[in-house]
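# Close look at the chain arrangement
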Amino acid sequence: MTAVQPKPTPVGETFDSLNPATDEVVGTYAVHTADEVRAAVERARGAALWWEGLGYAGRAERLQRWKGVLTRRLPQLCQAVRDETGKPLRDAQLESVLAIEHISWAAKHARKVLGRQRRSTGLLMANQAATVEYRPLGVVGVIGPWNYPVYTPLGSITYALAAGNAVVFKPSEYTPGVGKWLVDAFAEIVPEQPVLQLITGFGETGGALVGAGVDKIAFTGSTATGKKIMAAAANTLTPVVIEAGGKDPLLVDVDADLDAAADATVWGAFSNSGQTCIGVERAYVHERVYDDFVAKVVEKTKDVRAGSDAAAQYGPVTMPSQLGVIRRHIADAVERGGKALVGGVDSVDDRYAQPTVLVDVPEDAEAVREETFGPTVTIAKVRDMDEAIEKANATKYGLGSTVFSKTRGVELASRLRAGMTSINAPLSFAGIASLPFGGVGESGFGRIHGPEGLREFSRPKAVARQRFTAPITLTSFHRRASADPMVARLVTFLHGKR
Ligand code: NAD
């Protein structure tokens, strides 16, 4: 057993960020007060006007240059991620590369998605020209988690910036150094105005941002915090995007490629120490292939090990309090008749959790119902895919999901109550910049990424322009007596046939 990991702790008005593999202090950051947060939002107001004034082309040019800096300094960024999360450098690279793709996509597509578009007017208003354009909201507050400290907050920041907003960003108290790195790199490219600002601290600092008069809060983190943020935002009617937790299922149909499905399960469940909001936490497998599938998962899991050496597949559990949750879920599953085919309660020490594969766990156990956020997976046998869908959907969450099926993938995907599904590969929707990302139920609402992500940080502005005076004027007290019967006849002709 290694020593108990300390949490980041406040030191006066600062706090230390620690390396979860070694407990070394990797940086010291301010605990920003409510007044300081409000001042940052005030500064952002002016910056937002300036940034909006750059127009789509000006913003795209800056965002593409920012992307270039991130790409050229990738090793440095990955080291910053590894220092604060403990994850292997190659995982840090994967999340950073995906984030870079998003910056590029958002910069390139903002004008097309948000710029002025014509809308049809209908016959009654044929004398009008109708357009809609998506204007920036102003200042967006982004509150981030620590598990993917580049990919996750940039999913909101990038799209908010591309839509023309200024951003005040509070990274997790576990990863302030990565947040600072990203903001400093942006300031090199946009030195004129504080378009992207960093504030650091704990939940109170995040709470101050919610109440600081921002035009929207984009929150990514746990469902419990999401609820608090939504309640606090109600006081000022501040709109929110909530990207919260998940309990993602993976379905294996009778005709699935079992090797690929087992590989996806092992990677989806254990990579990043299971600290992935869209990680695989439950598998539902057709009874005819169940035994083969379980054997393959067990076999493949033998190659997977947590550690901080270069050969380890994943690192420590970043947030110490999560170790207790992982242990509790495994213990509860085993007490209720579940079997750990690999791992078990003893595979969780005070820093690392080795992989655990659970079978025969009752569907109402915590390991099946609650987000474990650790390297565990439950595998359940189902009669058919109808039962798989029913069980997969029987959760309060609805974030990601995966289906392995050669013939029924699309059908099964459409029946899953989840914001995203990938078919015959794990988590692939997360790497496609044009696809919206987000959940339903207690996984949250609103979308980042893709056109929907750009619109999330904009307000539609509708304009109707009269092109010529209509033969029948409807919007005047002086309209002719014949106008109303004529309109009644017209609407009957247009809409009264059935
Ligand atoms: P968390 O909820 O503990 O913290 C997230 C952020 O909220 C941190 O910056 C924290 O300081 C801040 N915060 C805490 N209390 C606050 C309050 N009262 N007001 C305002 N801000 C407050 O979550 P975490 O442990 O950092 O992240 C793990 C969770 O995030 C998991 O549940 C995971 O599933 C989820 N997650 C979801 C997505 C997604 O896209 N849906 C992505 C990554 C992580």
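Cut-off values and rules
- Residues numbered from 1 in each chain as written.
- Predicted model: local features only at pLDDT ≥ 70, side-chain atom pairs only at ≥ 80, totals over all residues.
- Heavy atoms only, no water.
- Helix = DSSP H or I, 4+ residues; strand = E, 2+ residues; numbered from the N terminus.
- Rg over C-alpha atoms; globule rule 2.2 N^0.38 Å.
- Buried < 20%, exposed > 50% of the residue type's maximum accessible area, 1.4 Å probe, protein only.
- Areas by Shrake-Rupley, 256 points an atom, 1.4 Å probe, with all protein chains shown as cover.
- UniProt positions renumbered as here; feature names shortened; annotations may be inferred.
- Contact = heavy atoms within 4.5 Å.
- Domains from an automatic or database assignment.
- Buried area = accessible area lost by both parts, 1.4 Å probe.
- Salt bridge = Lys/Arg side-chain N within 4 Å of Asp/Glu carboxyl O.
- Nonpolar A, V, L, I, M, F, W, Y, C, P; charged D, E, K, R; others polar.
- Near = heavy atom within 4 Å.
- Polar contact = N/O pair within 3.5 Å; in protein donor to acceptor, adjacent residues only side chain to side chain.
- Phe/Tyr/Trp six-rings, centres within 6.5 Å; stacked < 30°, edge-to-face > 60°.
- Right-handed = clockwise from strand over helix to strand, strands pointing away.
- Pairing = 2+ DSSP bridges.

### Details of the overall build of the chain
Along the backbone of the chain there are 16 helices and 19 strands. Since a compact globule built from 498 residues should have a radius of gyration of about 23 Å, the 25 Å found for the chain is in line with a globular shape. Seen along its three principal axes, the alpha-carbon backbone of the chain occupies a region of about 85 × 60 × 40 Å. Of all 498 residues assigned to the chain, the portion counted as buried reaches 54%. As displayed, the chain offers around 21200 Å² of accessible surface, 55% of which is attributable to carbon and sulfur atoms.

### Concerning the UniProt feature "domain: Aldehyde dehydrogenase" (unreviewed entry) in the chain
In this structure's numbering, the residues bearing the UniProt feature "domain: Aldehyde dehydrogenase" (unreviewed entry) are residues 13–463. Counting secondary structure, residues 13–463 comes out at 42% helix and 19% strand; the distance between its end C-alpha atoms is 49 Å.

### Examining the UniProt feature "active site" (unreviewed entry) in the chain
In the numbering used here, UniProt assigns the feature "active site" (unreviewed entry) to Glu-243 and Cys-277. Taken together, the annotated residues stretch across 35 residues yet fold into one region, lying no more than 9.1 Å apart by C-alpha. Residues contacting Glu-243, with those up to four places away along its chain left out, are Phe-219, Thr-220, Gly-221, Phe-437, Gly-438, Gly-439, Ser-443, Gly-446, Arg-447 and Ile-448. Summarising the element assignment, Cys-277 is placed in the loop between helix H9 (258–270) and strand S12 (280–286). In contact with Cys-277, other than residues within four places in its own chain, are Asn-147, Ala-244, Gly-246, Asp-248, Glu-371, Phe-373, Leu-399 and Phe-437.

### Thoughts on the domain arrangement of the chain
By the assigned domains, the chain splits into domain 1 (10–245 + 449–459), domain 2 (249–417) and domain 3 (468–495). Taking the mean C-alpha position of each, domain 1 and domain 3 sit 49 Å from one another. Across the boundary between the two partners, domain 1 contributes 4 residues, which contact 5 residues of domain 3. Summing both sides of the interface, domain 1 and domain 3 together bury roughly 460 Å²; the carbon and sulfur share of this comes to 79%. Contact with domain 3 buries area across many residues of domain 1, yet Leu-123, Leu-124 and Asn-127 alone supply 92% of it, more than any other trio. At the boundary of domain 1 and domain 3, one finds 0 salt bridges. When the residues that make up the side of domain 1 that touches domain 3 are grouped by side-chain class, the tally is 3 nonpolar, 1 polar and no charged.

### Some points on the site of the ligand
As a matter of local geometry, the ligand sits amid 29 residues, with Glu-173, Ser-222, Thr-225, Ala-244 and Glu-371 nearest to it. A distance of 2.7 Å separates an oxygen atom of the ligand from a polar atom in the side chain of Glu-173. Between the ligand and the protein, one listed contact pairs an oxygen atom with a side-chain N or O atom of Glu-371 at 2.6 Å. A total of 850 Å² of accessible area belongs to the ligand in isolation, and the protein chains cover 90% of it. Listing elements by their share of the shell around the ligand, those giving two or more residues are helix H7 (203–210), strand S9 (216–220) and helix H8 (223–234). Taken together, the residues that form the shell around the ligand break down as 13 nonpolar, 12 polar and 4 charged. Split by domain, the shell around the ligand shows at least three residues from each of two domains, domain 1 (10–245 + 449–459) and domain 2 (249–417).

### Details of the packing of aromatic side chains
By the definition in use, this model includes 8 aromatic pairs. Relative to Phe-186, the ring of Trp-51 lies with its centre 5.9 Å away and its plane at 70°, an arrangement referred to as edge-to-face. Remark: Phe-186 occurs in helix H6 (residues 176–189) and Trp-51 occurs in helix H1 (residues 34–53); sequence separation between them is 135 residues. What makes Trp-51 buried here is its relative accessible area of 0%. Joined through ring pairs, the aromatic side chains of Phe-15, Tyr-29 and Phe-202 make up one cluster.

### Notes on the pairing of strand S7 (residues 166–170)
Counted residue by residue, S7 has 5 buried out of 5 residues, so it is predominantly covered. Neither face of S7 is exposed, since Ala-166, Val-168 and Lys-170 on one face and Val-167 and Phe-169 on the opposite face are all buried. Viewed along the sheet, the connection from strand S6 (residues 139–143) through helix H5 (residues 151–162) into S7 turns out right-handed. Where S7 lies against strand S8 (residues 196–198), 3 bridges are found, and the strand directions are parallel. Bridge pairing in S8 places Phe-169 opposite Leu-198. Each parallel crossover has a hand, and the one from S7 via H6 to S8 is right-handed.

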